[in-house]
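Topology and contacts: notes
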Amino acid sequence: MTRLVLPSDLGDGHPGDGVRPAGPMPDLHALPGVGPLVDGYNGLLDWLERHFTLRRRLPGDAPRTPVNLVDFSYDWRLSCRYNAERLGERVEEELGRWRASASARAEARVVFVCHSMGGLVTRQYVELGGGAEVTRRVITLGTPYRGSLDALLYLVNGLRPGIGPLRLDLARFARSLPSLHQLTPDYACLEGGGRSVESLRYAREVTGLPGVDEALLKDAAQFHSALRESRTAAAYGVEYLPVSGVLQPTPTTARTGGDGRLSPLLTIGDADEGGDGRVPRLSSAHLTGVRRPAYTPWEQHGSLQNNPAVRWALWGWLTPELPVHRGPEDYAAARPLGVRAPEVLAVGEAAEVEVSVPRDVPGHDELALALSVDDGPERSLWNRGDGRYTAPLTGLAPGAHRLRVGARHAPEASVTALTLVMEHAGEEGTEDE
């Protein structure tokens, strides 16, 4: 990975190393230690094309064929500002072609559906890159508007520490990424002299954090500040619809240890606000001019785009009329589930899936829950009492796996967790962090 380490003075540029994005990740995939496991985007693109008057450019089509369903892939290593410029170029090209293809399309505008950091790239384009005047709506799924503690943990603690035989080390590479610094928390997240919210400090205020490029961290603060202060989208009537995963155990703040490493905490002050397991709710729902998130499914970060309830919400935002009526009684059997599963395992390593249901939910301690792996046969979870349920996780082959937990009678309430099983590496030395 040494050759992929970016130069320290890259800023908002491209390193000229020949790396180019090839397309959206098609299915369950992982970049161990750099980003979360993600459930893929082909399913979402297929669903959009089936249910709306949308069409992608097919492999046999001419390159200039007008289409109105366009995916945008970006180099996630680089600054969000750089990628926003590339997004603007793509929108100008595709929207211009679509508008010119028929007189009825002359006033067409763009609706963005974004996942994770893609929402930050899009917001930079809309607010500060001239995109507001051609944008109708921005739908974001788990976008870290105020950052994610995981990014700071990766920088300070290194990547995948303590995995044991899984000796992949990407620390130097990750610490050179402008994007990873732009994903660090833009809120006070480090415990100071006490546990109260008032005692928390911003990472940029703490000097000497190991692994952090202070210049990149300062630039990230300016990036977020410029977006917060912008009112461009509001002036053009652009609507933001943020979707926030909830009820999943989510690192939100951290405590500094004597060795300089950070110990993640699920709370901020004394409150556990939760999130999607990767992005705290306070981050994905916090957006200037938006008082509350548009939708809060109980789902994990990497699977928000494929969650059945999120798809239903998308239908309501993208079409003027729902096809059938579904009232609250259809969801009466659903219970909010918080799922904790290992993200990375070694082959043969023993682990378990743990599910929790809030105590204030009626029937929280009497549910019949099932676990399926890669859409295989369901197996029951043990009821441990007090709203806690577990199932052993054994016998998984090397590769990425999709775990689904839910009640058989309420599939719309299922939660997806993603686990990567890795074979033991050799005993060769690895790069120092």
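One can find the structure itself at the top, above this paragraph.
Definitions and cut-offs
Residues numbered from 1 in each chain as written. Predicted model: local features only at pLDDT ≥ 70, side-chain atom pairs only at ≥ 80, totals over all residues. Heavy atoms only, no water. Pairing = 2+ DSSP bridges. Helix = DSSP H or I, 4+ residues; strand = E, 2+ residues; numbered from the N terminus. Salt bridge = Lys/Arg side-chain N within 4 Å of Asp/Glu carboxyl O. Buried < 20%, exposed > 50% of the residue type's maximum accessible area, 1.4 Å probe, protein only. Axes fitted to C-alpha atoms, helices over the stretch in contact; angles between N-to-C directions. Parallel < 35°, antiparallel > 145°, perpendicular 65-115°, else oblique. Left-handed = near helix turned anticlockwise from the far one by under 90°. Contact = heavy atoms within 4.5 Å. 1 Å grid on protein atoms, 1.4 Å probe; cavity = no way out; pocket = protein on both sides within 12 Å on 5 of 7 lines; lining within 4 Å. Points joined across faces, edges and corners; volume = space filled by probe spheres on them. Nonpolar A, V, L, I, M, F, W, Y, C, P; charged D, E, K, R; others polar. Expected span 1.5 Å × (residues − 1).

1. Focus: the sheet that holds strand β15 (residues 399-407)
Pairing within the open sheet is mixed, and its five strands lie in the order β9-β16-β15-β11-β12. Because the sheet does not close on itself, it has two edges, and the strands there are β9 (344-346) and β12 (379-380). Where β9 meets strand β16 (residues 415-422), three bridges bridge the pair, whose relative direction is parallel. Pairing of A346 across the sheet is with M422, part of β16.

2. What about the pattern of salt bridges?
Under the counting rule described, the total for this entry stands at 23 salt bridges. Among the ionic pairs, D61 bridges to R55, the shortest N-O distance being 3.0 Å. Using a relative accessible area of 23% as the deciding quantity, one classes D61 as partly exposed. Given a relative accessible area of 34%, R55 falls into the partly exposed group. With a closest N to O distance of 3.9 Å, R388 and E352 form a salt bridge. Highlighted residues: R388 in strand β14 (residues 388-393) and E352 in strand β10 (residues 351-356), separated in sequence by 36 residues.

3. Considerations on the packing of helix α2 (residues 80-100) against helix α3 (residues 117-128)
A packed helix pair is summarised by two numbers, namely the angle formed by the two axes and the spacing between the axes. Close contact between α2 and α3 brings their axes to 8 Å; oriented N to C, the two are set at 70 degrees. The orientation of α2 relative to α3 falls into the category roughly perpendicular. Where α2 crosses over α3, the two elements pack in a sense that is right-handed. For the pair α2 and α3, contact is made by C80, R81, N83, A84, L87, G88 and V91 and by M117, L120, V121, T122, Q124 and Y125, respectively.

4. Observations regarding empty space enclosed by the protein
One pass over the full model with this rule turns up four cavities of 30 Å³ or more. Surrounding the largest cavity, H181, T184, P185, D186, A203, R204, L217, A220, A221 and H224 form its lining. Broken down by element, the lining of the largest cavity gets its largest block of residues, four residues, from helix α7 (residues 214-229). The class makeup of the residues in the lining of the largest cavity is five nonpolar, three polar and two charged.

5. Some words on α3
The end-to-end C-alpha separation of α3 is 16 Å, in line with the 16 Å expected for twelve residues at 1.5 Å each. Turning to α3, its buried residues are M117, G118, G119, L120, V121, T122, R123, Q124, Y125, V126 and E127. G130 sits one or two positions beyond α3 and adopts a positive phi of about 85 degrees.

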